[in-house]
Amino acid sequence: MSTLSLKGMGVALITPFDSDKNIDYTALERMVEFVLQGDADYIVVLGTTGETATLSQDERIIVIRFVMEQVNGRVPLIAGMGGNCTHSLVDELKKSDLSGYSAILSVAPFYNKPSQEGLYRHFEAVINASPLPVVLYNVPGRTGVNISAETTLRLAEKYDKVIGIKEASGDFKQIEKIINHKPESFAVISGDDSLTYPLITLGAVGVISVVGNAFPKKFGKMVRLCLEGRYNEALPIHYKFSRLYDELFVDGNPAGVKSLLHEMGLIKNELRLPLVPTRMETSEELRKILSELTGKD
């Protein structure tokens, strides 16, 4: 069983591009240092926010190694490893060099819309093939299928190698059921920045965050205060982010956070099709929110 702690704020790291849509490794190095200086508890590479679906296999391999070398053991690393062809994903897991990483984050198969039994067998194959502990990733708004509480618990109870789930279903009843019936060592992680505060009050151990790319210190402080049971101190910070929660995702993720990071001077505002930058009005609203959030506390 893994000793990796999923407690606190993990950052779902963006993948910056240059004006020619190539990966901007200088900006990626800058982003890694920025979130580390912001006291991120761990970093997730090649997640949804990393635009992984638009990266080639060779690029994914390079990014995994680049971030590992840049972090150099300062915080744990989790690699996104998912797909909708179980056979191909198993083959990739067996061949991948994941040295320097503590776990993989594996999303539910997208587009196929498998049954719960299909999901169970898919993850069973992933667990058996993975050289590292597995964090499940449930995001039905993107995949088209929900990992039910029953399927999550079935996997958690059978396999010690399954150490947690990033829950982005937004279904409080489902998430609460997992929290109430899971094995003690199994971690439930918020997959929605806006729901992190209430989910921690229910027993979640933290968040894998998009906001943490831009505000690792402020958002991380809110997460840690919640985990310490200091909810009255955390709540005003949560409310400060309320407008950002909405605006950041109005034109899709990671368009919103990339617009914000560009405004902060950290990256170029470049995405790969079919994703495009935020609309002008959204960018202007994000600029105003940035000004408010970077003012004095």
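Description of the structure in this document.

What counts and how
- Residues numbered from 1 in each chain as written.
- Predicted model: local features only at pLDDT ≥ 70, side-chain atom pairs only at ≥ 80, totals over all residues.
- Heavy atoms only, no water.
- Helix = DSSP H or I, 4+ residues; strand = E, 2+ residues; numbered from the N terminus.
- Rg over C-alpha atoms; globule rule 2.2 N^0.38 Å.
- Buried < 20%, exposed > 50% of the residue type's maximum accessible area, 1.4 Å probe, protein only.
- Areas by Shrake-Rupley, 256 points an atom, 1.4 Å probe, with all protein chains shown as cover.
- Lys, Arg positive; Asp, Glu negative; His and termini not counted.
- Charge placed at Lys NZ, Arg CZ, Asp CG, Glu CD.
- Polar contact = N/O pair within 3.5 Å; in protein donor to acceptor, adjacent residues only side chain to side chain.
- Contact = heavy atoms within 4.5 Å.
- Pairing = 2+ DSSP bridges.
- Core = buried A, V, L, I, M, F, W, Y, C linked by side-chain atoms within 4.5 Å.
- 1 Å grid on protein atoms, 1.4 Å probe; cavity = no way out; pocket = protein on both sides within 12 Å on 5 of 7 lines; lining within 4 Å.
- Points joined across faces, edges and corners; volume = space filled by probe spheres on them.
- Nonpolar A, V, L, I, M, F, W, Y, C, P; charged D, E, K, R; others polar.
- Phe/Tyr/Trp six-rings, centres within 6.5 Å; stacked < 30°, edge-to-face > 60°.
- Lys NZ or Arg CZ within 6 Å of the ring centre and 35° of its normal.
- Axes fitted to C-alpha atoms, helices over the stretch in contact; angles between N-to-C directions.

1. Here we look at the overall build of the chain
(1) Moving on: The secondary structure content of the chain amounts to 13 helices and eight strands.
(2) Moving on: Here the chain has a C-alpha radius of gyration of 18 Å; the compact-globule value for 297 residues is 19 Å, and the two agree.
(3) Moving on: With the principal axes as the frame, the chain shows a C-alpha extent of 50 × 45 × 35 Å.
(4) Moving on: Out of the 297 residues belonging to the chain, those deemed buried represent 54%.
(5) Moving on: About 12900 Å² of surface is accessible on the chain, with carbon and sulfur atoms providing 50% of the total.
(6) Moving on: When the 32 basic and 37 acidic side-chain charges of the chain are each reduced to a single mean position, those positions are 1 Å apart.

2. Some details on the side chain of Ser 259
(1) Moving on: Checked against the element boundaries, Ser 259 lands in helix H12 (residues 255–263).
(2) Moving on: With a relative accessible area of 7%, Ser 259 lands in the buried category.
(3) Moving on: Separated by 3.3 Å, the side chains of Ser 259 and Ser 283 make a polar contact.
(4) Moving on: In this structure, Ser 259 is in contact with Asn 269, Thr 278, Ser 283 and Leu 286, ignoring residues within four places of it in sequence.

3. Quick look at the pairing of strand E8 (residues 206–209)
(1) Moving on: Alternating positions in E8 separate into two faces, Gly 206 and Ile 208 on one and Val 207 and Ser 209 on the other, with burial throughout.
(2) Moving on: Note that strand E1 (residues 8–12) and E8 share four bridges and pair parallel. What sits directly across from Met 9, in E8, is Val 207.
(3) Moving on: Note that strand E7 (residues 187–190) and E8 share two bridges and pair parallel.

4. Side note on the nonpolar core
Considering soluble globular proteins, one finds that nonpolar side chains tend to be buried as a cluster.
(1) Moving on: One finds Val 67 and Leu 244 to be the most contacted residues of the largest nonpolar core, which totals 86 residues.
(2) Moving on: Dropping the residues within four chain positions of it, Val 67 is found in contact with Leu 13, Leu 28, Val 32, Val 45, Leu 77 and Tyr 101.

5. Considering empty space enclosed by the protein
(1) Moving on: This structure, assessed with the given rule, holds one cavity of 30 Å³ or more.
(2) Moving on: As a volume, the largest cavity reaches approximately 30 Å³.
(3) Moving on: In terms of lining, the largest cavity is formed by Leu 13, Ile 14, Thr 15, Leu 28, Val 45, Leu 46 and Val 63.
(4) Moving on: For the lining of the largest cavity, the residue count by class is six nonpolar, one polar and no charged.

6. Topic: the packing of aromatic side chains
(1) Moving on: Scanning the model with the defined rule gives six aromatic pairs in all.
(2) Moving on: Ring geometry for Phe 215 against Phe 241: centres 5.8 Å apart, planes inclined by 70°, an arrangement best described as edge-to-face. Of this pair, Phe 215 sits in the loop between E8 and helix H9 (216–227) while Phe 241 sits in the loop between helix H10 (231–240) and helix H11 (242–249), placing them 26 residues apart in sequence. One exposure class covers both Phe 215 and Phe 241, and it is buried.
(3) Moving on: With a centroid separation of 5.5 Å and 90° between ring planes, the pair formed by Phe 219 and Phe 241 is classed as edge-to-face. Here Phe 241 lies in the loop between H10 and H11 and Phe 219 lies in helix H9, a separation of 22 residues in the sequence.
(4) Moving on: Among the aromatic residues, ring-to-ring pairing joins Phe 215, Phe 219, Phe 241 and Tyr 245 into one connected group.
(5) Moving on: Its guanidinium or amino end placed over the ring of Tyr 120, Arg 154 lies 3.5 Å from that ring's centre, counting from NZ or CZ.

7. A closer look at the sheet that holds strand E6 (residues 162–167)
(1) Moving on: Pairing is parallel in the closed barrel, where eight strands are placed in the order E1-E2-E3-E4-E5-E6-E7-E8. Ignoring which end each strand starts from, the neighbouring axes of this sheet average 25° apart.

8. With respect to the layout of surface pockets
(1) Moving on: For the largest pocket, the calculated volume is near 860 Å³.
(2) Moving on: Elements that contribute at least two residues to the lining of the largest pocket include exactly helix H2 (57–71), helix H3 (86–95), strand E4 (103–107) and helix H5 (140–143).
(3) Moving on: No other element matches the five residues that H2 contributes to the lining of the largest pocket.
(4) Moving on: Of the residues that constitute the lining of the largest pocket, the class distribution is 15 nonpolar, 14 polar and seven charged.
(5) Moving on: There is about 290 Å³ of room inside the second largest pocket.
(6) Moving on: Looking at the second largest pocket, it is lined by 18 residues, and the ones nearest its centre are Gly 191, Asp 192, Val 210, Phe 249 and Asn 253.
(7) Moving on: Those elements giving two or more residues to the lining of the second largest pocket turn out to be E8 and H11.
(8) Moving on: Its residues placed into classes, the lining of the second largest pocket shows seven nonpolar, seven polar and four charged.

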